[in-house]
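Architecture at a glance
What follows is each chain in one-letter form.
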Amino acid sequence: MGISFGILLLFGIIILFLFIFTVKQQTAVIIERFGKFNSIRNPGLQFKIPVIDKIAGKMSLKIQQLDVVVETKTKDDVFVRLKISVQYQVIKTQVYDAFYKLDNPYTQITSFVFDVVRAEVPKLRLDDVFEKKDDIAIAVKGELQEAMNSYGYEIIKTLVTDIDPDEQVKHAMNRINAAEREKLAAQYEGDAARILIVEKAKAEAESKRLQGQGIADQRREIARGLLESVDVLNGAGITSQEASALIVVTQHYDTLQSIGEKSGSKLVLLPNSPTAASEMLNTMVTSFTAAQQLHEHQIENNNSDSHKKRLNKRDSFNNDDTEL
């Protein structure tokens, strides 16, 4: 009796398991009865009739991704490989279409991606392919969305995840980029050198100006000191000519002393006779006198020319009055 009950219980459990089944989350199960579609079961605990009902298949309702690599040619005859990532999902209300209308959705999606990419990329140059990859992705999504909706699939997003030109083309692009950068670096270096030259010239000009100003101030102070020295000597009963001779002699020997004190000084030949100072003074006085006379002569000539011009202008005015 006990053995029979155990057998019956085991048989009942087996029958129960044949009647019930579970469906996982984000999954749809297609039930067929005698080979014909019967129903779609959603996640949870479900029942079916053993032998009569059969689980024909399961459809994942999760977002899936398919990567498609397409090789094509650009407008400037460069072969390039594009990796297109298509994210798609089965529409919950169209599980029947997704299961029965398409035998292999991956092949269908791949075919559409090839068709769109090979229609869009040949219109663009290689540089434009990199810049307009989003436009290519949008075109692929639009074509796929229109085609796959009728089969129960929704295209969530398409991405151009990789653009891989031929290896030689990549090397050429790198060389072009390097040449452009070297050209830009050379321009910057030239601008820097030009600015350095200009600033150096400005500094030299400013140095010369300050140096000239310093020499002028030095000479002005020397002249003021000489004037004061002459006034002091005049006060002591020494004439201006004698005072000038004395100053010239003093400066002459001071110069000789300064040259002798400098180490590594070059040989300088200067007059050193007792009359040298007097001769230098006479030469200077003669030069100053000649320059003064020349200046006065030029002033007289200028005044004479101005007077002649006024006379000619007056005569011309008188002649015009006579004619009138």
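Before reading further, recall that the structure is shown in the block above.
Residues numbered from 1 in each chain as written. Predicted model: local features only at pLDDT ≥ 70, side-chain atom pairs only at ≥ 80, totals over all residues. Heavy atoms only, no water.

Centre-to-centre distance and the angle between the planes together describe a pair of aromatic rings. Counted according to the given criterion, the structure contains 6 aromatic pairs. Aromatic side chains tyrosine 96 and tyrosine 100 sit 4.8 Å apart centroid to centroid with 40° between the ring planes, which places their arrangement in the tilted category. You can see tyrosine 96 and its partner tyrosine 100 sitting in helix H2 (residues 95-100), 4 residues apart, about one turn around the helix. In this structure tyrosine 96 comes out as partly exposed when scored by relative accessible area, which is 40%. What makes tyrosine 100 partly exposed here is its relative accessible area of 32%. (Phe/Tyr/Trp six-rings, centres within 6.5 Å; stacked < 30°, edge-to-face > 60°. Helix = DSSP H or I, 4+ residues; strand = E, 2+ residues; numbered from the N terminus. Buried < 20%, exposed > 50% of the residue type's maximum accessible area, 1.4 Å probe, protein only.)

All right, on to the pairing of strand E1 (residues 20-23) then. Here E1 shows a clear split, with Phe21 and Val23 buried on one side and none of Ile20 and Thr22 buried on the other. With 4 bridges joining them, E1 and strand E4 (residues 44-47) adopt antiparallel strand pairing. Opposite isoleucine 20, over in E4, you have phenylalanine 47 as the bridge partner. (Pairing = 2+ DSSP bridges.)

What follows concerns helix H5 (residues 133-148). In this model H5 runs 22 Å from its N-terminal to its C-terminal C-alpha over 16 residues, within 8% of the 22 Å that 1.5 Å per residue would give. Where the residues of H5 are buried, they touch strand E7 (79-90), helix H3 (105-120), helix H4 (126-131) and strand E8 (153-165). (Expected span 1.5 Å × (residues − 1). Contact = heavy atoms within 4.5 Å.)

Let us now look at the sheet that holds strand E5 (residues 53-60). Spatial strand order, E3-E2-E5: 3 strands in an open sheet with antiparallel pairing. In this open sheet, the two strands that pair with only one neighbour each are strand E3 (36-41) and E5. Each strand axis lies, on average, 25° off the axis of its neighbour in the sheet, ignoring direction. Alignment of strand E2 (residues 27-33) against E5, held across 7 bridges, turns out to be antiparallel. Looking at the pairing, valine 29 lines up with lysine 58 of E5. (Axes fitted to C-alpha atoms, helices over the stretch in contact; angles between N-to-C directions.)

What follows is about unusual backbone geometry. Generally, phi is negative for residues other than glycine and the peptide bonds are trans, each holding for most cases. A positive phi angle is found at glutamine 26, which is not glycine, with a value near 55°. The class for glutamine 26 is partly exposed, based on a relative accessible area of 25%. The backbone of phenylalanine 34 shows a phi angle near 55°, a positive value even though the residue is not glycine. Within the secondary structure layout, phenylalanine 34 lies in the loop between E2 and E3.

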